[in-house]
Amino acid sequence: MGMRQRVDRWQTIAEAVVRAAHERLESGIVFLPVRKQLRVDPHPFYRTLRERDPVHRSRLAGGWVLSRYEDVIGVLRDPSWSSDERNWSRFPTYRARGARAGLPDPYETHVASMLRLDAPDHTRLRSLVSKAFTPRAVEAMRPRVALLVDELLGKVGPQRGMELVADLAAPLPVIVIAELIGVPAADHARFRHLSDEAVRLLGDGPLEEKLRGAAGMRALQDYFAGIVAERRARPRADLVSALVAAEEQGDRLSNAELLSTLVLLLVAGNETTTKLIGNAVLALLRNPGELERLRADPGLLPNAVEELLRYDGPVQLTSRMAREDREVSGRTARKGEQVVLLLAAANRDPAVFEDPDRLDVARRDVRHVAFGQGIHFCLGAQLARLEATLAIGALVERFPGLRVADPNVPWSSNTVLRGPERLHLAW
Ligand code: HEM
């Protein structure tokens with residue numbers, strides 16, 4: 001590490017300490033998502049925020065943290081809030097430090113994607129891939145996804161135990177998205193490896209981890225570039241070919257955007273689905289009465305998946321930037337400030353959900369925000385629902401007596417995505 005990078009690192013730590021102290025003085029509460037307790041069970045802290053400081057001034061986040069359902073949904077539904085981090089006043093500083101540390105610039109390399117863009121670029125990019133994710137297109141994938149669940153569970157069937165994440169929850173979404181994109185079967189193992197490496201860039205691990213992630217991301221993009229070249233020569237009935245056709249029609253899609261879209265589909269859809277399945281199975285095993293209800297009435301499954309998304313959805317938060325000074329529930333967000341939206345806290349708001357800390361697989365009208373809301377509403381929501389429904393349904397049906405074999409559950413170290421890293425089960 002060079003002198004300048006070392007200075008950057010110390011400066012980052014010193015700034016965080018000063019800001020945390022400042023934040024505590026102002027409200028008595030510090031929003032510090034890297035705290036281990038928030039990984040294990042964030043809900044007591046979310047409740048404190050909702051009750052004591054629902055529009056929390058966060059020096060660490062450079063803005064505000066919202067935890068009430070109405071406030072969160074109000075921002076999500078209003079596209080005049082920006083998803084483009086370049087509208088965040090701290091972005092230039094973090095961008096410069098990242099560049100000195102050797103990390104790719106999210107807006108100058110292929111990493112920028114529709115998730116971090118506003119209209120009109122967001123609208124154009126989203127419309128190009130949305131056809132692949134319509135309810136009808138996703139429903140057509142049902143038999144194939146069911147077969148994959150069957151194959152993966154078939155491998156562990158004869159044993160009396162499994163590690164849910166490695167045996168089912170992690171491989172399932174990667175294979176599904178690989179097939180949807182058009183990655184050849186022979187490349188699946190390599191593709192999974194590259195995808196696992198690349199997501200290290202997005203976690204909040206140490207710099208070494210992120211640099212490794214950046215290398216993975218470059219390898220993944222090179223890999224996609226190869227597939228794009230092949231489909232340009234010989235189109236097929238897959239998503240890459242459809243995107244190549246859009247690119248060739250002129251100014252609808254640049255090559256860099258094509259690659260960033262493919263990377264986004266991969267990183268937005270894999271770990272999220274893996275962690276949904278992990279959280280959901282753990283929640284059911286910790287609430288055996290609900291598991292029994294589901295076993296007795298499998299028709300409850302689709303509703304149960306919605307309730308599990310509400311009760312313990314994997315995506316904890318997202319954020320928006322203020323393009324000008326504006327009011328948020330009686331307080332003022334200044335131009336350039338960020339508002340952090342705690343989706344997982346909104347999903348347990350007692351003003352909207354009765355007895356919100358109770359898991360109820362038959363709960364009616366589960367209007368959760370686990371997939372967001374508004375123009376950035378999760379494009380893969382139907383696909384995630386399909387995968388989760390088939391995976392959870394098969395586990396419940398085939399393994400009576402299923403239980404957690406090791407109560408020491410290691411949680412992933414990621415601010416945005418919460419879920420078990422490993423989950424040993426027995427039956
Ligand atoms: C349980 C699984 C999943 C959860 C909880 C989830 C959650 C979310 C959330 C909360 C957002 C909105 C972020 C924001 O507004 O800032 C989002 C956006 C997105 N998700 Fe998902 N997601 C899941 C699975 C998937 C899958 C399987 C795919 C695709 C294969 C996918 C693709 C996307 C894309 C492309 C966006 C960006 C949409 C846009 O910017 O217009 N997601 N997701």
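Please refer to the structure higher up on the page.
So, how was this worked out
- Residues numbered from 1 in each chain as written.
- Predicted model: local features only at pLDDT ≥ 70, side-chain atom pairs only at ≥ 80, totals over all residues.
- Heavy atoms only, no water.
- Helix = DSSP H or I, 4+ residues; strand = E, 2+ residues; numbered from the N terminus.
- Rg over C-alpha atoms; globule rule 2.2 N^0.38 Å.
- Buried < 20%, exposed > 50% of the residue type's maximum accessible area, 1.4 Å probe, protein only.
- Areas by Shrake-Rupley, 256 points an atom, 1.4 Å probe, with all protein chains shown as cover.
- Lys, Arg positive; Asp, Glu negative; His and termini not counted.
- Charge placed at Lys NZ, Arg CZ, Asp CG, Glu CD.
- Near = heavy atom within 4 Å.
- Polar contact = N/O pair within 3.5 Å; in protein donor to acceptor, adjacent residues only side chain to side chain.
- Nonpolar A, V, L, I, M, F, W, Y, C, P; charged D, E, K, R; others polar.
- Pairing = 2+ DSSP bridges.
- Phe/Tyr/Trp six-rings, centres within 6.5 Å; stacked < 30°, edge-to-face > 60°.
- Lys NZ or Arg CZ within 6 Å of the ring centre and 35° of its normal.
- 1 Å grid on protein atoms, 1.4 Å probe; cavity = no way out; pocket = protein on both sides within 12 Å on 5 of 7 lines; lining within 4 Å.
- Points joined across faces, edges and corners; volume = space filled by probe spheres on them.
- Core = buried A, V, L, I, M, F, W, Y, C linked by side-chain atoms within 4.5 Å.
- Contact = heavy atoms within 4.5 Å.
- Axes fitted to C-alpha atoms, helices over the stretch in contact; angles between N-to-C directions.

Undergrad: I tried to follow the overall build of the protein chain on my own but got confused; where do I start?
TA: Helices and strands together make up the secondary structure of the protein chain, namely 18 helices and 9 strands. For 427 residues, the compact-globule formula gives about 22 Å, and the C-alpha radius of gyration of the protein chain, at 22 Å, lands near that figure. Seen through its principal axes, the protein chain has C-alpha atoms that stretch 55 × 55 × 40 Å. Taking all 427 residues of the protein chain together, 53% fall into the buried category. Roughly 19,300 Å² of accessible area belongs to the protein chain as shown, and the carbon and sulfur atoms make up 54% of that amount. Charge separation in the protein chain, taken as the distance between the mean sites of 61 positive and 56 negative side-chain charges, equals 2 Å.

Undergrad: Got a minute to help me understand the site of the ligand in this structure?
TA: Taken together, the neighbourhood of the ligand is formed by 28 residues, with His122, Arg126, Thr318, His376 and Cys378 sitting nearest. Here an oxygen atom of the ligand sits 2.6 Å away from a polar atom, N or O, in the side chain of His122. One of the side-chain nitrogen or oxygen atoms of Thr318 is found 2.5 Å away from an oxygen atom of the ligand. For the shell around the ligand, the elements supplying multiple residues, two or more each, are helix H6 (121-129), helix H14 (255-286), strand S4 (317-321) and helix H18 (381-398). In terms of residue class, the shell around the ligand is made up of 18 nonpolar, 8 polar and 2 charged.

Undergrad: Is there a simple way to think about the sheet that holds strand S3 (residues 161-163) in this case?
TA: Backbone-to-backbone hydrogen bonds join strands into a sheet, with any given pair of strands oriented parallel or antiparallel. Spatial ordering of the open sheet is given by S3-S9-S8, a layout of 3 strands whose pairing is antiparallel. Every other strand in the sheet has two partners, leaving S3 and strand S8 (403-404) as the edge strands with one partner each.

Undergrad: Help me out: how do you make sense of the packing of aromatic side chains in this one?
TA: To describe a pair of aromatic rings, one takes the distance between the centres and the angle between the planes. Applying the stated rule across the entire model yields 9 aromatic pairs. The interplanar angle of 20 degrees and the centroid separation of 6.4 Å between the aromatic rings of Phe31 and Phe45 together place this pair among those described as stacked. Residue Phe31 is located in the loop between helix H1 (3-27) and helix H2 (36-40), and its partner Phe45 is located in helix H3 (residues 43-52); the two are separated by 14 residues in the primary sequence. Note on Phe31: relative accessible area 4%, which makes it buried. Residue classification places Phe45 among the buried positions, given a relative accessible area of 10%. Ring geometry for Trp88 against Tyr94: centres 5.5 Å apart, planes inclined by 45 degrees, an arrangement best described as tilted. On the basis of relative accessible area, Trp88 is assigned to the buried category, the value being 10%. Every member of this aromatic cluster is reached through a ring pair, and the members are Phe191, Tyr223 and Phe224. Across from the ring centre of Trp64, 4.6 Å away, lies the NZ or CZ of Arg57, which sits over that ring. The ring of Tyr311 is capped by Arg348, whose NZ or CZ atom sits 4.2 Å from the centre of that ring.

Undergrad: Honestly, the pairing of S4 in this entry has me stumped. Any pointers?
TA: Across a regular strand the side chains alternate sides, sitting on one face of the sheet and then on the other. Burial of S4 is extensive: 4 of the 5 residues sit out of reach of the surface. Bridging between S4 and strand S7 (residues 338-342) involves 5 bridges; their strand directions are antiparallel. Bridging across to S7, Arg320 finds its partner in Val339.

Undergrad: I'm lost on empty space enclosed by the protein in this one. Help?
TA: Sizing a probe to match a water molecule and rolling it over the atoms shows the empty space that remains. In the structure shown here, the tally under the stated rule is 2 cavities of 30 Å³ or more. In this structure, the largest cavity is lined by 13 residues; those nearest its centre are Pro33, Leu38, Tyr46, Gln316 and Thr415. Partitioning the lining of the largest cavity into residue classes produces 8 nonpolar, 3 polar and 2 charged. Estimates place the volume of the second largest cavity at around 50 Å³. Lining the second largest cavity, in full, are Val281, Leu284, Leu285, Leu291, Ile392, Leu395, Val396 and Leu402.

Undergrad: I tried to follow the nonpolar core on my own but got confused; where do I start?
TA: Side chains of nonpolar character tend, in soluble globular proteins, to be buried together. Within the largest apolar cluster, 101 residues are counted, with the highest numbers of intra-cluster contacts made by Phe191 and Ile392. Counting residues per element, this core draws most heavily on H14, at 16 residues. The residues touching Phe191, leaving out its near neighbours within four places in the chain, are Val174, Ile177, Ala178, Val183, Leu220, Tyr223, Phe224 and Leu266. Core analysis: the next-biggest nonpolar cluster, separate from the first, contains 18 residues, Trp81, Val339, Leu341 and Leu343 among them.

Undergrad: What exactly am I supposed to notice about the sheet that holds strand S2 (residues 63-66) here?
TA: Strands sit in the order S1-S2-S7-S4 across an open sheet of 4 strands; the sheet is mixed. If you trace the sheet from one side to the other, it starts and ends with strand S1 (55-58) and S4, each paired once. Taking the axes of each pair of neighbouring strands and ignoring which way they run, one obtains an average angle of 25 degrees across the sheet. When S1 meets S2, the two strands line up antiparallel, connected through 4 bridges. What sits directly across from Arg57, in S2, is Trp64.

Taken by themselves, the reported measurements are silent on function.
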